[in-house]
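# Geometric and topological summary
Each chain, written out:
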Amino acid sequence: MSTVHIHPSRKDNHPSTEYPGLTNEFQMEHAKKVEEVRSVLKEAGEDTLKALLMIDAVQRLGIDYHFHGEIEAVLERLYTKFNMSDCHNDLYELALGFRLLRQEGYYVSADVFNNLKDKEGKVQGKISQDIEGLMGLYEASQLSIKGEDILEEMGNFSSQLLNAWNTNDDLSQARIVRNTLGHPHHKSLARFMAKRFLSDFQGTEGWINVFKELATMDFNLVKSIHQKEIPQVSKWWKDLGLAKALKFARNQPLKWYMWPLAVLPHPSLSEQRVELTKPISLVYIIDDIFDVHGTLDELTLFTEAVNRWEYEAVEPLPDYMKTCFNALNGITNEISSKVYKDHGWNPIDSLRKSWAILCNAFLVEARWFSVGHVPKTDEYLKNGIISSGVHVVLVHMFFLLGHGITKRNVEIVDDFPGIISSAATILRLWDDLGSAKDENQEGHDGSYLNCYMKENPGTSIENARCHVMHSISETWKLLNRQCLPPNPFSSCFTKACLNVARMVPLMYSYDGNQCLPSLEEHMKSLV
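Residues numbered from 1 in each chain as written. Predicted model: local features only at pLDDT ≥ 70, side-chain atom pairs only at ≥ 80, totals over all residues. Heavy atoms only, no water.

Tallying secondary structure elements over the chain gives 25 helices and zero strands in all. A separation of at least 24 residues holds for 75% of the contacts in the chain among residues at least 6 apart in sequence. Accessible surface computed for the chain: about 23300 Å², of which carbon and sulfur atoms make up 50%. (Helix = DSSP H or I, 4+ residues; strand = E, 2+ residues; numbered from the N terminus. Contact = heavy atoms within 4.5 Å. Areas by Shrake-Rupley, 256 points an atom, 1.4 Å probe, with all protein chains shown as cover.)

Next comes the structure, spelled out in structure tokens:
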């Protein structure tokens, strides 16, 4: 069997990283600790379970970017023998191995889980008491793709048993079970969950202490980089002047910066995080122009100007729209020049096209609202995926990263590929669950829930929300498949698309005070 998977270390060339505000002594100690952990990983040798536990730990602690070579060596060995039925005597080892291989782009068949059934096709009773194994099984089920009935069955089976066990008197174990059910690793952001993992980790293995020490040092190191980036973002936003010129629009540069911070976690991508905050900010600002301020005639003129991208088309616009377009034009030219300088490709046509597609989608929604039209769910979602802004952001990110820029890949990115549309669908559906409105926004956004309930008279809001959650789950299966070979994109871009979907619950889980408590907690800890 040929090995088909992503090689992160080959596809992604990350430059060396400068760590501002940290002493040479700290940086030397950090480098020493990295090598210490590297030695521990190599010493795991042929002990497969121990090696997998270590890989899981470094990934959950967000320090795996130091050890791509060591991780790949272990997974290569595991992959060659994984489909042999006689090497899966331990449920937890089976589930963990499957999850780690899938996460890193190796396609392994879910049929290995058929071994958990007896001759009558029922799940073997003995595994129902293996809490650690059941948690591993639930985690593995999060990487299912469409058609993998056995993995969906195992996910439901483990979820039911873990939910029932959640009331156990062992409070520490019950908390770990709750965290697993609420925040499975594949659908969570590792750096945001690292502290919880540290407090939950159970075991007497000496190596975990070395890992914890590196994670603590790494956390401070990465935090120093973020603290350098935030003033750059703040200065850029202030100098841009849109907060003063468009007082009706949102003014949240730190929140917008949290997107690239989450989506591009590698410390070396500092410049890309700062640059990516700029188009993200403009997506929010233009959304507010369409949603809360512009008249339909003005919005039509603005959309035409973005499609034509000519100064003659800008002249009829009101002043506030001219200001916005000038900012958009400046940022687009600036990023295009940077990409051309760094990677030898001028992306200006792709960037302009992405903004035109976004504004066209915004205008469709504005026209629906102006006449009180509630579209069919399919029509709404097809347009809403575009108006989410995810395509615009990921097109910019593709070029800023500079991995695999070829004529063919540019055509794929321009054409809204599945890996982008799936992430956008998850964002749109989650946003439209409608748990609360965005801060201080009284806009004209539609809602998938409204469309669904009109299309299905008599449906309760609870059933409609269940339908949306099921749709999100099904879209995750599509995204999981799109991250496996054949996949034209680099590991970094692929994982960034996953991180968009992972970030969504944090960005759209409002409380009763229209705040985002989980996001705010992570913002304080990371910056």
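The next subject is the side chain of Lys477. Mapped onto the secondary structure, Lys477 falls in helix H23 (residues 461-482). If near-sequence neighbours (up to four positions away) are discounted, Lys477 is found in contact with Ser144, Ile145, Lys146 and Glu152.

Further remarks concern the packing of helix H17 (residues 348-370) against helix H19 (residues 390-401). The N-to-C vectors of H17 and H19 enclose an angle of 170°; their axes lie 9 Å apart at closest approach. When the axis of H17 is compared with that of H19, the two are roughly antiparallel. Judged by residue contacts, Ser350, Leu351, Ser354, Trp355 and Leu358 of H17 engage His391, Val392, Val395, His396 and Phe399 from H19. Across the contact of H17 with H19, the residue classes break down as six nonpolar, four polar and no charged. (Axes fitted to C-alpha atoms, helices over the stretch in contact; angles between N-to-C directions. Parallel < 35°, antiparallel > 145°, perpendicular 65-115°, else oblique. Nonpolar A, V, L, I, M, F, W, Y, C, P; charged D, E, K, R; others polar.)

As a further point, take unusual backbone geometry. Residue Pro486 follows Pro485 across a cis peptide bond; omega there is -5°. Tracing the chain through its elements places Pro486 in the loop between H23 and helix H24 (491-508). Look at Trp309: it is not a glycine, yet its phi comes out positive at around 50°. Inspection of the secondary structure assignment puts Trp309 in the loop between helix H14 (296-308) and helix H15 (311-314). Even without a glycine there, the phi angle at Phe416 is positive, about 60°. When you line up the elements, Phe416 lands in the loop between helix H20 (407-414) and helix H21 (418-431).

This part covers the packing of helix H13 (residues 270-293) against H14. As a packed pair, H13 and H14 sit with axes 9 Å apart at the nearest point and diverge in direction by 145°. Facing H13, whose interface residues are Ile286, Ile289 and Phe290, H14 presents Leu299, Phe302 and Thr303. Its residues placed into classes, the contact of H13 with H14 shows five nonpolar, one polar and no charged.

This part is about the nonpolar core. Ranked by size, the top nonpolar core spans 104 residues in total, and within it Trp259, Ile286, Phe302, Trp355 and Phe493 carry the most contacts. It is H24 that provides the largest number of residues to this core, a total of 12 residues. Apart from the residues lying within four places of it in its own chain, the contact partners of Ile286 are Phe302, Cys324, Leu328, Trp355, Cys359 and Phe362. Core analysis: the next-biggest nonpolar cluster, separate from the first, contains 48 residues, Ala44, Leu52, Val74 and Leu91 among them. (Core = buried A, V, L, I, M, F, W, Y, C linked by side-chain atoms within 4.5 Å. Buried < 20%, exposed > 50% of the residue type's maximum accessible area, 1.4 Å probe, protein only.)

Okay, the confidence of the model for the chain next. Overall, the predicted model of the chain reaches an average pLDDT of 88, with 87% of residues at or above 70. The least confident element of the chain is helix H1 (residues 8-11), whose mean pLDDT is 38; the most confident is H19, at 98. Low pLDDT (under 50) marks residues 435-443, which in the prediction has 23 contacts with non-local residues, meaning those over four places away or in another chain. (pLDDT = per-residue confidence, 0-100.)

This part covers the packing of aromatic side chains. Per the stated rule, a full pass over the model turns up 17 aromatic pairs. Ring plane angle 20° and centroid distance 5.5 Å describe the contact between Trp256 and Tyr284, whose orientation is recorded as stacked. You can see Trp256 sitting in helix H12 (residues 253-263) and its partner Tyr284 sitting in helix H13, a full 28 residues away along the chain. By the burial criterion, Trp256 is buried, and Tyr284 matches it. When the centroid spacing of 5.3 Å and the interplanar angle of 45° are considered together, the rings of Phe290 and Phe362 count as tilted. (Phe/Tyr/Trp six-rings, centres within 6.5 Å; stacked < 30°, edge-to-face > 60°.)

Turning our attention to helix H7 (residues 149-165). Given a rise of 1.5 Å per residue, 17 residues ought to cover 24 Å, and the 24 Å separating the end C-alpha atoms of H7 matches this to within 8%. Taken as a whole, H7 has its buried residues at Ile150, Leu151, Met154, Gly155, Ser158, Ser159 and Leu162. End-on view of H7: buried residues confined to an arc of 165°, all on one side of the axis. Set apart from the buried face of H7 by more than 90 degrees, the exposed residues are Asp149, Gln160 and Ala164. Next to the buried residues of H7 lie helix H5 (91-103), helix H6 (131-141) and helix H8 (171-182). (Expected span 1.5 Å × (residues − 1). Arc of directions from axis to C-beta.)

Along the polypeptide, Gln272 turns up in helix H13. A residue is classified by how much of its surface remains accessible, and Gln272, at 14% relative accessible area, is buried. Excluding its chain neighbours within four sequence positions, the residues that come into contact with Gln272 are Leu264 and Leu400.

The next point concerns the environment of Glu205. Mapping Glu205 onto the fold places it in the loop between helix H9 (190-200) and helix H10 (207-240). Taking the C-alpha atoms as reference points, Glu205 and Lys50, 155 residues apart in sequence, are found 9.6 Å from one another.

A few words now on the pattern of salt bridges. As enumerated under the stated definition, the model contains 28 salt bridges in all. For Glu310, the salt bridge is made with Arg308, and the minimal N-O distance between the two is 3.0 Å. Several salt bridges converge on common partners, so that one network encompasses Asp56, Arg60, Arg99 and Glu139. (Salt bridge = Lys/Arg side-chain N within 4 Å of Asp/Glu carboxyl O.)

A word on the environment of Arg502. Of note, Arg502 is situated in helix H24. Taking the relative accessible area as the measure of exposure, Arg502 reaches 14% and is therefore buried. Separated by 316 residues in sequence, Arg502 and His186 have C-alpha atoms that sit 8.2 Å apart. Within the local environment of Arg502, its side chain forms a polar contact with the side chain of Asn499, the two groups lying 2.8 Å apart. (Polar contact = N/O pair within 3.5 Å; in protein donor to acceptor, adjacent residues only side chain to side chain.)

Attention now goes to the environment of Gly45. Positionally, Gly45 belongs in the loop between helix H2 (24-43) and helix H3 (48-60). Separated by 29 residues in sequence, Gly45 and Val74 have C-alpha atoms that sit 8.3 Å apart.

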